[in-house]
Amino acid sequence: MKSAIIIGGGPAGLTAALELLDRTDIQPIVIEKSEYMGGISRTVNYKGNRIDIGGHRFFSKSDRVMEWWLKILPLEGIPEGSVQVSYHNQNRFLAASADGPDPEREDRVMLIRNRLSRIYFMRRFFDYPIRLSGATLKNLGLLKVVKVGASYVKASMFPRRNERSLEDFLINRFGRELYLTFFKSYTEKVWGEPCDKISAEWGAQRIKGLSIYKALAHLVKSAFHKNSDLSQKQVETSLIEKFLYPKFGPGQMWEEVAQRIRARGGEIFTGWAVDGIETDGQGRVHSVRVRNVKNRQTRCMEADFFFSTMPVQELVNSMTPAPADEIRDIANGLMYRDFITVGLLCNKLKLTDRKDSSQPVKDNWIYIQEPDVQVGRMQIFNNWSPYMVADPSKVWIGLEYFCYDTDSIWSQSDSAMTELATRELDSMQIVDPRDVLDSTVIRMPKTYPAYFGAYDRFPKVIEWANGFENLFLIGRNGMHKYNNQDHSMLAAMTAVDCILAGERSRDKLWSLNTEMEYHEQKSE
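Predicted model only: the values in this text are computed from it and were never measured. (Residues numbered from 1 in each chain as written. Predicted model: local features only at pLDDT ≥ 70, side-chain atom pairs only at ≥ 80, totals over all residues. Heavy atoms only, no water.)

A. Up close: the environment of Arg-337. With respect to the helices and strands, the residue Arg-337 is situated in strand E17 (residues 334-346). Look at Arg-337 and you get buried, because its relative accessible area is 4%. A C-alpha to C-alpha distance of 4.9 Å links Arg-337 and Tyr-448, two positions 111 residues apart in sequence. Dropping the residues within four chain positions of it, Arg-337 is found in contact with Lys-189, Val-190, Trp-191, Gly-192, Phe-402, Cys-403, Tyr-404, Asp-407, Lys-446, Thr-447 and Tyr-448. At 3.2 Å, the side chain of Arg-337 forms a polar contact with the backbone oxygen of Lys-189. (Helix = DSSP H or I, 4+ residues; strand = E, 2+ residues; numbered from the N terminus. Buried < 20%, exposed > 50% of the residue type's maximum accessible area, 1.4 Å probe, protein only. Contact = heavy atoms within 4.5 Å. Polar contact = N/O pair within 3.5 Å; in protein donor to acceptor, adjacent residues only side chain to side chain.)

Take a look at the structure:
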């Protein structure tokens, strides 16, 4: 029997393993450095309170991914006909009936959740993404609104022709005034780099077709038509108003997938790190050297196919024979942004729901754009799923900090991070420090592959990697692409497609999330 070694147990790696079991006679062997499944899509359980690292809405414009998810975790039981799903102009239901599992009684279930994300700026809430609503106009004030409108008109009439930087990309779509108000400082807080030094490709990857014009069109359309369509293929991802979500967070999905892989004969080794990758020097990988992170035991593992989700920088430096100096220089010049989440269990928030002041605001995410604090984003886990918090009378939140592992904040103690998060929440009038009951701190290295550093030369690394006929780079870090988990899954599925078809080219793999349909832009 042929075998495939899969480096990494995140969404891409586990999807590849299950796809191989479903569609081929190739046995998958997953090598995961940590002890958990899901990578950055895991769920952390702290005393029964669960943390979704970075937040993962389960939505995709790919039918293939949506159906795949619902085969693993079925949709919760709802009154038949209340949720209609439209795909490619065809109306149908996704197992939406009263016979679906009841989340009060069963754990293996996918919930339907409402989406609300807003910006917190000037100690006020703004729609996210920015919409030309009455509340936005009121919060900005007449003078600012006039400046925003004038700069948007100017950008529309005289766009920057050569979009090289993220600054160019954002000004062309929002105008300079709105860019300076809402995008510049926050983006630089997240990435630690000036916007004019970040590639415009980041905007194309993450912001996609969104603009003031589309936000306004969506607002007008929503006023006349309430859409319960989960697929929402005519809506930009950033404007999605409903999404699917596992009862216990994203990690539940990947823990379930891992169980299925093992049950069907696939192997998953946790606590093993890849120390070396051996090639024959003629375009084929033949083995990997792995090391047990606890007892330092080592072993060599051979296979017919290899999938890598490890950071490209580590992949290149693990190769024997070593790649050309140019490839190693580019790989070592790639940059990554690291991530810290501070989980705080609170009695209550000062920010309450307008309709029921006894309840916290309904936001899943709140983007913190205040320049006087370091925190970049806040999650309210109760609103992702009520089952994410052990005591529903408490509020379970996550404060997200973006940094490099060389920054002083990365090495601060857990208690210092808790003090920082609590102090910043107090200064923003979000939480009274006396209402903070417990805390935990999670650090995730290499969370975001960066679109600066040596990224402009990355195509040469892609060309080098494509020279190995049995190696497939998949996943966010594996492809050094700021993918969502569904893009990572599609990369894994496409790689298996290539194996089944005997297709040598990797063009389909690298075009994912850049071709027009999945890039979420319409041609008209």
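B. Expanded view of the nonpolar core. By size, the foremost hydrophobic cluster in this structure holds 128 residues, and its most contacted members are Trp-69 and Phe-307. Ranked by residues supplied to this core, first place goes to helix H16 (residues 485-501) with nine residues. Setting aside residues no more than four positions away along its own chain, Phe-307 makes contact with Ala-4, Ile-5, Ile-6, Ile-7, Ala-16, Leu-20, Phe-472, Ile-474, Ala-495, Val-496 and Ile-499. (Core = buried A, V, L, I, M, F, W, Y, C linked by side-chain atoms within 4.5 Å.)

C. Quick peek at the sheet that holds strand E11 (residues 267-270). If you walk across this open sheet you meet the five strands as E11-E2-E1-E15-E22, and the pairing is parallel. Edge strands, defined here as strands with exactly one partner in the open sheet, are E11 and strand E22 (471-473). Sheet twist, expressed as the average angle between the axes of neighbouring strands with direction ignored, equals 15 degrees. Here five bridges tie strand E1 (residues 3-7) to strand E2 (residues 27-32), and the two strands are oriented parallel to one another. Within the sheet, the bridge partner assigned to Ile-5 lies in E2 and is Ile-29. (Pairing = 2+ DSSP bridges. Axes fitted to C-alpha atoms, helices over the stretch in contact; angles between N-to-C directions.)

D. Main features of the sheet that holds strand E20 (residues 395-403). Taken together, the seven strands give an open sheet; going across it, the order is E9-E8-E18-E19-E20-E17-E21, and neighbouring strands pair in mixed fashion. This sheet does not close on itself; its edge strands, each paired only once, are strand E9 (124-127) and strand E21 (436-453). Strand after strand, the sheet turns through a mean of 25 degrees between neighbouring axes, direction not considered. Where strand E8 (residues 117-121) meets E9, four bridges bridge the pair, whose relative direction is antiparallel. The partner of Ile-119 across the bridge, within E9, is Phe-126. Strands in contact with helix H13 (residues 414-427) are E17, strand E19 (377-380), E20 and E21; relative to E17, the strand with the most contacts, it is inclined by about 75 degrees.

E. Expanded view of the packing of helix H1 (residues 11-23) against helix H9 (residues 250-263). In the contact formed by H1 and H9, the axes pass within 10 Å of each other and the chain directions differ by 35 degrees. Crossing angle aside, the handedness with which H1 passes H9 is left-handed. Where H1 abuts H9, its residues Pro-11, Leu-14, Thr-15, Ala-17, Leu-18 and Leu-21 lie against Trp-254, Val-257, Arg-260 and Ile-261. In terms of residue class, the contact of H1 with H9 is built from eight nonpolar, one polar and one charged. (Left-handed = near helix turned anticlockwise from the far one by under 90°. Nonpolar A, V, L, I, M, F, W, Y, C, P; charged D, E, K, R; others polar.)

F. Here's a closer look at helix H14 (residues 458-465). Of all the residues in H14, the buried ones are Phe-458, Val-461, Ile-462, Trp-464 and Ala-465. The arc that holds every buried residue of H14, seen down its axis, measures 160 degrees, which confines them to one face. Exposed and facing more than 90 degrees away from the buried side of H14 are Pro-459 and Glu-463. (Arc of directions from axis to C-beta.)

G. Quick peek at the packing of helix H4 (residues 142-157) against helix H6 (residues 176-191). Interhelical geometry of H4 versus H6 gives an angle of 120 degrees and a closest axis separation of 6 Å. When the axis of H4 is compared with that of H6, the two are oblique. The segment H4 lies against H6, with Lys-144, Lys-147, Val-148 and Ser-151 engaging Arg-176, Glu-177, Leu-178 and Thr-181. (Parallel < 35°, antiparallel > 145°, perpendicular 65-115°, else oblique.)

H. The arrangement of the pairing of strand E14 (residues 298-302) in detail. Bridge count for strand E13 (residues 285-292) against E14 is five bridges, and the pairing is antiparallel. Residue pairing for E14: Val-288 is matched across the bridge by Met-301. Count of turn residues in the E13/E14 antiparallel hairpin: five residues, of which Arg-296 carries a positive phi of about 70 degrees.

I. Just the packing of aromatic side chains, in detail. Applying the stated criterion across every chain, the model contains 29 aromatic pairs. With a centroid separation of 6.4 Å and an interplanar angle of 80 degrees, the aromatic rings of Phe-58 and Tyr-245 are classed as edge-to-face. Here Phe-58, found in the loop between strand E4 (49-52) and helix H2 (63-72), pairs with Tyr-245, found in strand E10 (residues 242-246); they are 187 residues apart in sequence, far enough to count as distant. Both residues of the pair, Phe-58 and Tyr-245, count as buried. Ring geometry for Phe-121 and Phe-126: centres 6.1 Å apart, planes at 50 degrees, overall tilted. Here Phe-121 and Phe-126 have matching classes, each one buried. (Phe/Tyr/Trp six-rings, centres within 6.5 Å; stacked < 30°, edge-to-face > 60°.)

J. Representation of unusual backbone geometry. Residue Pro-321 is bonded to the preceding Thr-320 through a cis peptide linkage, with omega at -5 degrees. Here Lys-47, not a glycine, exhibits a phi torsion of approximately 55 degrees, which is positive. Following the sequence through the fold, Lys-47 ends up in the loop between strand E3 (43-46) and E4. Since its relative accessible area comes to 59%, Lys-47 is described here as exposed.

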